Each structure stands twice: as C-alpha cells, then as structure tokens.
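The chain contents come next:
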Amino acid sequence: MPSNDARILLQAAVPTAAVGAVAAVVSGVVAGGKGAVGAVVATLVVILFMGIGFYVLQRTAKSLPHLFQAMGLMLYAAQILLLFIFVAAFKNTTLFNPRAFALTLVIGTLAWIAAQTRAHMKSKILYVEPDSAASSNGDKPEKSGHSS
C-alpha cells in the first residue's frame, strides 16, 4: 500500500478508534459492562469493514480506474447493508448490549466517513502523473491538443 494510502487509512482509523473508546466509556456507564463490550465490538467491526473497503477501493483504482466511481458507490452501499445485517443478527444477543452495539456502529461509521473525507481533502494527490522519461532527456512534450 503506498504511503499516501496508508496515511489516509491511519487518519481515518485513529479518530474512529477514539470515538469508539468514548462510546465504550459512555456505554459502560449507561449500560454496564455489556454496553462497553458492545461498543468495543462495534468499533472493531467498523474499522475492519471500512478498512477492508478502503483497501479494495484503492486496488480497484489502480487496476481498473474506469470503474473507480461505480465501485466506490457499490462498496459503500454494500458496507452499509452488511452493517445493517450485523445489527439484525445481533439484536437478540446476550453477549453484549445490542443498543450500545447499534449506536456505536452508526456513530463509528459516521466518524470513519468524516475522518476519511477530511484526510483525503487535506492530502496532496497528483491527478496528473508527470512523465519522467520526457523530462529527463530534455525533450519538449509533443502538442496533443487541437492545432487551430
């Protein structure tokens, strides 16, 4: 993974983990130990799902750039659907508090998206890759535009 992608991933995961820690403390105070466990599990699920999604999206961008936007929309829709499936699957669990789990899942997802958006907006990503071969031998680039 290129360093810029790793930096964006880290800048999204750290705030999400911090939000999850706050949610675990609040859930622990409100719902007891099971609330804290539900918040921690939800935070881990969000970081895992969103991190894998980010990795898949970056690989798609490199190998199939023409599918990047469609893949991004499909990926986020699939992630939200999978998160809803997790909430539905664990709604009657006794392992942890399902309400704390669901609320932390939503809050963690929103925190991830906000942090990833902020990290991407602050990063300096070249959208045109300079041609190193033409610049190294001193040749002027050919005009490729309309001649009139």
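Everything discussed here concerns the structure shown above.
Rules used throughout
Residues numbered from 1 in each chain as written. Predicted model: local features only at pLDDT ≥ 70, side-chain atom pairs only at ≥ 80, totals over all residues. Heavy atoms only, no water. Helix = DSSP H or I, 4+ residues; strand = E, 2+ residues; numbered from the N terminus. Contact = heavy atoms within 4.5 Å. Areas by Shrake-Rupley, 256 points an atom, 1.4 Å probe, with all protein chains shown as cover. Buried < 20%, exposed > 50% of the residue type's maximum accessible area, 1.4 Å probe, protein only. Polar contact = N/O pair within 3.5 Å; in protein donor to acceptor, adjacent residues only side chain to side chain. 1 Å grid on protein atoms, 1.4 Å probe; cavity = no way out; pocket = protein on both sides within 12 Å on 5 of 7 lines; lining within 4 Å. Points joined across faces, edges and corners; volume = space filled by probe spheres on them. Nonpolar A, V, L, I, M, F, W, Y, C, P; charged D, E, K, R; others polar. Expected span 1.5 Å × (residues − 1). Axes fitted to C-alpha atoms, helices over the stretch in contact; angles between N-to-C directions. Parallel < 35°, antiparallel > 145°, perpendicular 65-115°, else oblique. Left-handed = near helix turned anticlockwise from the far one by under 90°. Phe/Tyr/Trp six-rings, centres within 6.5 Å; stacked < 30°, edge-to-face > 60°. Patch = residues over 30% accessible without salt bridge, like charges linked within 9 Å, V, L, I, M, F, W, Y side chains within 5 Å. Salt bridge = Lys/Arg side-chain N within 4 Å of Asp/Glu carboxyl O.

K.L.:
Teacher, can you tell me more about the overall build of the protein chain here?
P.N.:
For the protein chain, the count of helices and strands is five helices and zero strands. Secondary structure elements of the protein chain occur, N-terminal to C-terminal, as α-α-α-α-α. Residue pairs at least 24 apart in sequence account for 74% of intrachain contacts in the protein chain once pairs closer than 6 positions are excluded. Accessible area for the protein chain stands at about 10,100 Å²; split by element, carbon and sulfur atoms hold 69% of it.

K.L.:
Looking at this model, I keep getting lost on the side chain of Thr109. Mind explaining?
P.N.:
Its place among the elements puts Thr109 in helix H4 (residues 98-122). A relative accessible area of 6% places Thr109 in the buried class. Within the local environment of Thr109, its side chain forms a polar contact with the backbone oxygen of Leu105, the two atoms lying 2.7 Å apart. Apart from residues no more than four positions distant in its own chain, Thr109 is found in contact with Val46, Met50, Ile80 and Leu83.

K.L.:
What is the right way to read empty space enclosed by the protein from this model?
P.N.:
It is a probe the size of a water molecule, rolled over the atoms, that shows where empty space is left. The full count for this structure, using the stated rule, is one cavity of 30 Å³ or more. What the largest cavity holds in volume is close to 30 Å³. In terms of residue class, the lining of the largest cavity is made up of six nonpolar, three polar and no charged.

K.L.:
Would you mind going over H4 with me for this structure?
P.N.:
Turn by turn, an α-helix covers 3.6 residues, leaving residues three or four places apart pointing in a common direction. Helix length check: H4, at 25 residues, gives a terminal C-alpha distance of 36 Å against a target of 36 Å (1.5 Å per residue), a fit within 8%. Listing the buried residues of H4 in full gives Ala100, Phe101, Thr104, Leu105, Gly108, Thr109, Ala111, Trp112, Ala115, Gln116 and Ala119.

K.L.:
Hey, could you run me through the packing of helix H2 (residues 33-63) against helix H3 (residues 68-89) in this one?
P.N.:
Between two packed helices, what matters for the description is the angle formed by their axes and the separation of those axes. Where H2 contacts H3, the axes come no closer than 10 Å and their chain directions differ by 160°. Looking at the two axes, H2 sits roughly antiparallel to H3. Viewed along their axes, H2 and H3 form a crossing whose handedness is right-handed. Taken together, the residues of H3 that come into contact with H2 (itself represented by Val45, Phe49, Met50, Gly53, Val56, Leu57, Thr60 and Ala61) are Phe68, Met71, Gly72, Leu75, Gln79, Leu82, Leu83 and Phe86. In the contact of H2 with H3, the residues fall into 12 nonpolar, four polar and no charged.

K.L.:
Any chance you could explain the packing of H2 against H4 here in plain terms?
P.N.:
In the contact formed by H2 and H4, the axes pass within 8 Å of each other and the chain directions differ by 35°. Considering the relative orientation of H2 and H4, their crossing is right-handed. Within the contact between the two elements, H2 uses Gly35, Gly38, Ala39, Val41, Ala42, Thr43, Val45, Val46, Ile47, Met50, Gly51 and Phe54 and H4 uses Ala100, Phe101, Thr104, Leu105, Gly108, Thr109, Trp112, Ile113 and Gln116.

K.L.:
I would appreciate a short explanation of the packing of aromatic side chains in the present structure.
P.N.:
For any pair of aromatic rings, the description consists of the separation of the ring centres together with the inter-plane angle of the planes. Summed over all chains, the structure comprises five aromatic pairs. On the numbers, 5.9 Å between centres and 45° between planes, the contact of Phe86 with Phe90 is tilted. Look at Phe86 and you get partly exposed, because its relative accessible area is 25%.

K.L.:
Is there a simple way to explain the side chain of Thr16 in this structure?
P.N.:
Checked against the element boundaries, Thr16 lands in helix H1 (residues 3-31). Apart from the residues lying within four places of it in its own chain, the contact partners of Thr16 are Thr43, Val46, Ile47, Gly108, Ala111 and Trp112.

K.L.:
When you look at a nonpolar patch on the surface in this model, what are you seeing that I'm missing?
P.N.:
Residues Val22, Val25, Val26, Val29 and Val30 make up a contiguous nonpolar surface patch of roughly 510 Å² in combined accessible area. By the secondary structure assignment, Val25 is in helix H1.

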